[in-house]
Amino acid sequence: MSAPASLRRRSRLERRSPLLTIGAVLVAMIFILPAVWLLVGSLRPSAEIFSSISPLSWRILIPSSVSLDNYIALLTGPFGRAMGVSLLVCFLTVALGLVMSATAAYALAVLQFPGRSVVFAFVVISFMVPFDAIAIPLSQLFTGWGLTNTIMGLVLPGIGNGLAIFNLRQYFLSIPTSYREAATIDGASEPRVLASVYTPLGGTALANSALLIFLGQWTAYLWPLLVVSEARLQVAPVALARTFGEHEFNFGENFAGAVLLSLVPALTMFILQRSFGGLALATGEK
Amino acid sequence: MSVQARAAARTPATQRRGAGGGLGRRRSRRRTKELFWAAVFLLPALIAIVSMRIAPTVSAAVSSLHQGFPGGVLAAEFSGLANYSELFGNDMFRDTVIRTIVFNVIINPLQVAIALIISVLLTRKIVAPNLWRMLVFVPATVPIVGSSIVWGIAFRQDGPINAILAALGGNPQPFLTSPSQAMASIMVVISWIGIGYWMLFLVSGLQSIPDEYLEAAKLDRAGTIRTFFSITIPLLKRPLLFVLVADTVANFVLFVPIQMLTNGGPQNSTTMQMFNAYRTTYTYSSKNLGAAEVMILTVIMLAFVALQFRLLREDRPTRRKR
């Protein structure tokens with residue numbers, strides 16, 4: 001306990017370089033300013049986005065009036081529906097994906113069977129090959145299977161995530177085997193052991209895997225473009241890209257859509273990071 | 001009393017486990033049971049792999065060996081490698097392949113190098129390092145559709161980038177509408193998102209380098225640059241390799257900004273293999289030719305990844321902790 005404290009004190013005493021700090025500020029500004037411009041643009045009328053640019057002034061980042069009109073117009077239109085479809089697809093994918101990843105990880109970490117390491121390598125490597133590369137031939141198979149323009153057609157390719165299986169397996173390996181032995185002696189079957197011993201203990205790894213699966217699906221663009229043609233099943237990124245491509249641009253609404261798309265992952269990461277912190281502390285004290 | 005009762009209840013189980021006679025049979029029964037559950041638990045994952053990874057790869061390979069009329073009115077006929085020879089005999093396709101390779105040779109090392117420089121800067125003794133790291137990371141949370149929109153508007157003739165150029169005394173630039181600038185503009189868009197993301201991995205890699213190594217280098221009077229190349233880089237090989245490979249894989253299948261911002265133009269200057277395969281398959285309805293393009297893209301990408309593994313795996317320290 002005393003070692004980290006003394007380390008911290010020492011680093012606090014060390015001199016911080018003002019020159020390097022200025023460099024860090026400049027780098028951070030390059031990355032954050034376009035994002036600030038995006039956020040500000042979503043809160044002001046479309047016409048003002050360009051009128052604030054020339055002549056160049058600080059007005060470019062400070063709106064004369066702030067309103068949520070762009071968001072209201074966007075969410076009451078087709079984009080609102082697309083957000084709903086996206087959320088539904090994401091939750092279904094996370095639910096199915098977690099069951100699939102957890103059962104596979106449990107079999108690969110806990111159960112003894114011949115060829116286990118070969119199966120593990122096969123599962124992880126085949127999920128690591130980028131999905132986009134085979135999205136075009138897969139979409140043609142989905143047409144044959146009658147899965148185009150269905151929610152399941154959007155969900156299915158997202159449930160397999162090699163990194164989620166890998167993470168969960170590593171975590172399950174760290175759980176003492178005596179827990180499972182105790183449960184088995186009490187007469188628990190393997191699904192029971194997974195559900196009532198491993199799943200409650202795997203909080204951090206499960207949240208991490210859920211985040212991976214969720215973000216993969218939330219930002220998906222190419223696959224929904226290939227597998228859905230009906231407007232009622234359009235996901236948010238595709239719907240947004242469509243309005244951007246229209247001849248009648250509405251920049252304010254485009255900005256608001258981009259902010260809404262970014263907000264969900266940013267909030268999810270923030271919330272999960274907080275619960276990660278709590279969980280890490282709890283397990284660390286054992 | 002209750003303790004005794006619990007102990008009594010547990011006795012049969014202990015005896016069962018300890019019994020000598022039926023041990024072999026019980027163990028094999030237990031093993032069969034585990035095998036059964038392993039099969040049940042792995043089944044969904046294996047079905048997903050076979051139907052959604054292997055089946056499309058096989059179908060693309062088979063489809064690439066057939067030729068049919070665009071639109072698929074008649075059944076396609078087996079044609080051997082005719083699609084491949086047609087593609088490589090086509091100047092436009094060859095240009096697309098070369099463009100994809102050049103793009104990746106430039107963008108991947110460049111993004112990793114910039115991410116590394118920023119990570120080094122943000123792990124030095126500076127005020128509020130976490131704040132600057134967070135600000136650099138924020139663009140990575142914007143999905144690529146959103147980033148394409150921001151930059152698509154920013155790069156307009158009447159957009160803020162040209163306004164800044166004008167304020168600095170420069171001439172307005174066409175950016176996305178110019179064959180010579182469109183590709184560089186796309187690189188800016190994807191770097192804005194990518195660099196902050198890769199930076200996170202490199203920062204955590206830099207932080208896991210023990211201070212003792214850097215102090216030892218200081219005692220040996222090694223300069224900053226010498227220390228960086230002889231100590232930091234070799235110890236950072238694993239995260240560097242991961243970032244380089246993941247970045248390469250992502251950039252080989254780059255699609256969204258090309259479709260949204262330039263649609264492959266102007267004058268095909270931003271047409272890369274992924275977009276080309278999409279256009280061949282869906283816009284021109286040449287499914288067999290598109291499948292051949294997907295196969296060629298996958299082979300080139302895997303060759304690049306294998307090459308990077310080789311380059312970065314070599315001359316690792318011979319004495320490693322096991």
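Higher on the page you've got the structure.
The structure displayed is predicted, hence computed values, not measured ones.

Novice: Can you help me understand helix α6 (residues 144–154) of chain B in this one?
Specialist: Note that an α-helix has 3.6 residues per turn; residues three or four places apart therefore point the same way. Counting buried residues along α6(B), ten of its eleven residues qualify, which places the element largely inside the surrounding structure. Taken together, the buried positions of α6(B) are Val145(B), Gly146(B), Ser147(B), Ser148(B), Ile149(B), Val150(B), Trp151(B), Gly152(B), Ile153(B) and Ala154(B).

Novice: In this structure, what is going on with the pattern of salt bridges? I would like to understand it.
Specialist: Side chains that differ in charge, positive against negative, can pair when their charged atoms come close. Within the structure shown, the criterion is met by five salt bridges over all chains. Between Arg94(B) and Asp91(B) there is a salt bridge, and its shortest N-O distance comes to 2.6 Å. Placement of both Arg94(B) and Asp91(B) in helix α4 (residues 91–122) is noted, with a separation of three residues, approximately one turn of the helix. According to the relative accessible area criterion, Arg94(B) is partly exposed, its value standing at 36%. Residue class for Asp91(B) comes out partly exposed when judged on its relative accessible area of 49%. Connected through shared salt-bridge partners, Arg180(A), Glu190(A) and Glu34(B) make up one network.

Novice: Quick question: what am I supposed to make of a nonpolar patch on the surface here?
Specialist: Taken together, the side chains of Phe122(A), Val50(B), Ile54(B), Val58(B) and Val62(B) present a nonpolar region at the surface, about 390 Å² in accessible area. The dominant element in the nonpolar patch, judged by the number of residues it contributes, is helix α2 (residues 23–64) of chain B, at four residues. Mapped onto the fold, Val50(B) is located in helix α2. According to the relative accessible area criterion, Val50(B) is partly exposed, its value standing at 47%.

Novice: Can you help me understand the side chain of Arg99(B) in this one?
Specialist: Residue and element names in this part refer to chain B. Along the chain, arginine 99 falls in helix α4. Of the side chains bearing the opposite charge, aspartate 95 lies closest to the buried arginine 99, which forms no salt bridge; the N-O distance is 5.0 Å. Setting aside its immediate chain neighbours within four residues, arginine 99 contacts Met183, Asn268, Ser269, Thr271 and Met272.

Novice: Sorry if this is basic, but what is going on with the nonpolar core here?
Specialist: Within the largest apolar cluster, 171 residues are counted, with the highest numbers of intra-cluster contacts made by Trp37(A), Tyr106(A), Phe172(A), Tyr198(A), Tyr221(A), Leu122(B) and Val145(B). It is helix α5 (residues 78–109) of chain A that provides the largest number of residues to this core, a total of 16 residues.

About the thresholds
- All residue numbers refer to position in the chain's written sequence, counted from 1.
- For this description, chains carry letters from A and ligands carry numbers from 1, given in the order in which they are written.
- At least 70 in pLDDT is required for a residue's local features to be given in this predicted model, at least 80 for side-chain atom pairs to be given and counted, and no such filter applies to totals for whole chains, interfaces and linings, which use all residues.
- Hydrogen atoms and water are omitted, and side-chain values are computed over all heavy atoms in the structure.
- Burial classes: relative accessible area under 20% of the type maximum marks a residue as buried, over 50% as exposed, and values in between as partly exposed (1.4 Å probe, protein chains only).
- Numbering of helices and strands runs from the N terminus, with a helix taken as a DSSP run of H or I at least four residues long and a strand as a DSSP run of E at least two residues long.
- Should a side-chain nitrogen of Lys or Arg be within 4 Å of a carboxyl oxygen of Asp or Glu, the pair is scored as a salt bridge.
- Patches here are clusters of residues that have more than 30% relative accessible area and form no salt bridge, with a 9 Å joining cutoff for like charges and a 5 Å cutoff for nonpolar side chains (Val, Leu, Ile, Met, Phe, Trp, Tyr).
- Here the open area of atoms and residues is found with the Shrake-Rupley method and a 1.4 Å probe, where only the protein chains shown may cover a residue.
- Under this rule, positive means Lys or Arg and negative means Asp or Glu; His and the chain ends count for nothing.
- Any two residues having at least one pair of non-hydrogen atoms within 4.5 Å are treated as being in contact.
- Among buried residues, those of type Ala, Val, Leu, Ile, Met, Phe, Trp, Tyr and Cys that are joined through side-chain atoms within 4.5 Å constitute a nonpolar core.

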